[in-house]
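So you can see what is in the structure, the chains are spelled out below.
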Amino acid sequence: MSQSKTKSRKVEIASARPVIAGAENGNDCQECDTAARLGLSTEQGEAVTRDASRATGHNLSLPDIEAAAKIFALLGDAGRLQLVLRCMEKPQTVGELAEASDMSQSLTSHHLRQLRDQRILASERNGRHIFYQIDDEHISRVVRDVFAHVTHD
C-alpha cells in the first residue's frame, strides 16, 4: 500500500473509534478500547456505566461492565452452565465433568479454562487430580437466582 493510502486508511480507522472525554488529540485510552470491544459509542458507554453504578450502589467503570458481560456470556452457554451446576454440588475432576456432560475431555478443559479465567470456577490440585469448584458464593447466588426467576410464576 502506498504511503498516502496508508495515511488515509489510518485516518479512517481512527475516526471510526469512539472518543471518551479525556482522550485528547485522538489518543486511545482504556475506556475507548473497552467501549469499542463492547460495541458501544462513548455516550452508550457512559450511560451503561452510570446506570449500572446507580442500580448496584457501586462506583463501576467500563472495564467492570465488560467483566460482567463476559461472565454472563460464559454462563449463557448451556454446556458451560452445566459444568458450573455440577461444580456447585461438589468439587469435580475434568474426567467426571466430561462424562457427566457428554463432552470430550478436551472441550471440557477448554470450557473450564474459560470459567476459571473469569473466576467463576477455581481449581485445586489433590495428588494427580485437579478438582474444579465454584470460586465463591457470589456465582452460586447468581445461578440460583436466575433459576428462581425463570421458575417463578
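Residues numbered from 1 in each chain as written. Predicted model: local features only at pLDDT ≥ 70, side-chain atom pairs only at ≥ 80, totals over all residues. Heavy atoms only, no water.

> Would you take a moment to explain the sheet that holds strand β3 (residues 129-134) for this structure?
Strands in a sheet are paired, the pairing made by backbone hydrogen bonds, and the direction either parallel or antiparallel. Sheet architecture is open: 3 strands sit in the order β1-β3-β2, paired in antiparallel fashion. On the outer flanks of this sheet lie β1 (92-93) and β2 (121-126), each paired with one strand and no other. In terms of strand pairing, β2 meets β3 through 6 bridges, oriented antiparallel. Bridging across to β3, N126 finds its partner in H129. (Pairing = 2+ DSSP bridges. Helix = DSSP H or I, 4+ residues; strand = E, 2+ residues; numbered from the N terminus.)

> Could you clarify how one ought to interpret the pattern of salt bridges in this entry?
Within this structure, the stated rule accounts for 4 salt bridges. With a closest N to O distance of 2.9 Å, R54 and D51 form a salt bridge. Of this pair, R54 and D51 both sit in helix α3 (residues 42-56), 3 residues apart, which is roughly one turn of that helix. Of the residues examined, D51 reaches a relative accessible area of 37% and is grouped as partly exposed. Its salt-bridge partner being R144, residue E137 comes within 2.9 Å of it at the nearest N-O pair. For E137, a relative accessible area of 41% translates into the label partly exposed. Connected through shared salt-bridge partners, R50, D51 and R54 make up one network. (Salt bridge = Lys/Arg side-chain N within 4 Å of Asp/Glu carboxyl O. Buried < 20%, exposed > 50% of the residue type's maximum accessible area, 1.4 Å probe, protein only.)

> Mind showing me how you'd approach helix α5 (residues 78-89) here?
Along an α-helix, a turn takes 3.6 residues, which lines up residues three or four apart on a common side. If you check α5, its first and last C-alpha atoms are 17 Å apart, about what 12 residues at 1.5 Å a residue would give, namely 16 Å. Between the side-chain oxygen of the N-cap and the backbone nitrogen of G79 there are 3.1 Å, and the N-cap of α5 in question is D77. (Expected span 1.5 Å × (residues − 1). Polar contact = N/O pair within 3.5 Å; in protein donor to acceptor, adjacent residues only side chain to side chain.)

> When you look at the packing of helix α2 (residues 30-38) against helix α4 (residues 62-75) in this model, what are you seeing that I'm missing?
A pair of packed helices is characterised by two quantities: the angle between their axes and the separation of those axes. Between α2 and α4, whose axes approach to 9 Å, the crossing angle comes to 30°. Between α2 and α4, the angle falls in the class roughly parallel. Crossing of α2 against α4: the hand is left-handed. On α4, the residues that touch Q30, E31, T34, A35, R37 and L38 of α2 are L62, P63, I65, E66 and A69. The residue makeup of the contact of α2 with α4, split by class, is 6 nonpolar, 2 polar and 3 charged. (Axes fitted to C-alpha atoms, helices over the stretch in contact; angles between N-to-C directions. Parallel < 35°, antiparallel > 145°, perpendicular 65-115°, else oblique. Left-handed = near helix turned anticlockwise from the far one by under 90°. Contact = heavy atoms within 4.5 Å. Nonpolar A, V, L, I, M, F, W, Y, C, P; charged D, E, K, R; others polar.)

> Can you help me understand a nonpolar patch on the surface in this one?
Among the surface-exposed residues, F72, L85, V142, V146, F147 and V150 lie close enough to one another that they form a single nonpolar patch of about 510 Å² accessible area. For the nonpolar patch, the element with the most residues is helix α8 (residues 137-151), which contributes 4 residues. Judged by relative accessible area, which is 55%, F72 ranks as exposed. (Patch = residues over 30% accessible without salt bridge, like charges linked within 9 Å, V, L, I, M, F, W, Y side chains within 5 Å. Areas by Shrake-Rupley, 256 points an atom, 1.4 Å probe, with all protein chains shown as cover.)

> Would you mind going over the layout of surface pockets with me for this structure?
Unoccupied space between atoms shows up once a probe the size of one water molecule is rolled over them. For the largest pocket, the calculated volume is near 460 Å³. In terms of lining, the largest pocket is formed by 13 residues, of which the most central are A67, A68, I71, R119 and I139. At 5 residues, the largest contribution of residues to the lining of the largest pocket is made by α4. Grouping the constituent residues of the lining of the largest pocket by class yields 6 nonpolar, 2 polar and 5 charged. The computed volume of the second largest pocket comes to approximately 170 Å³. (1 Å grid on protein atoms, 1.4 Å probe; cavity = no way out; pocket = protein on both sides within 12 Å on 5 of 7 lines; lining within 4 Å. Points joined across faces, edges and corners; volume = space filled by probe spheres on them.)

Fair warning: the whole summary comes from geometry, so function is off the table for now.
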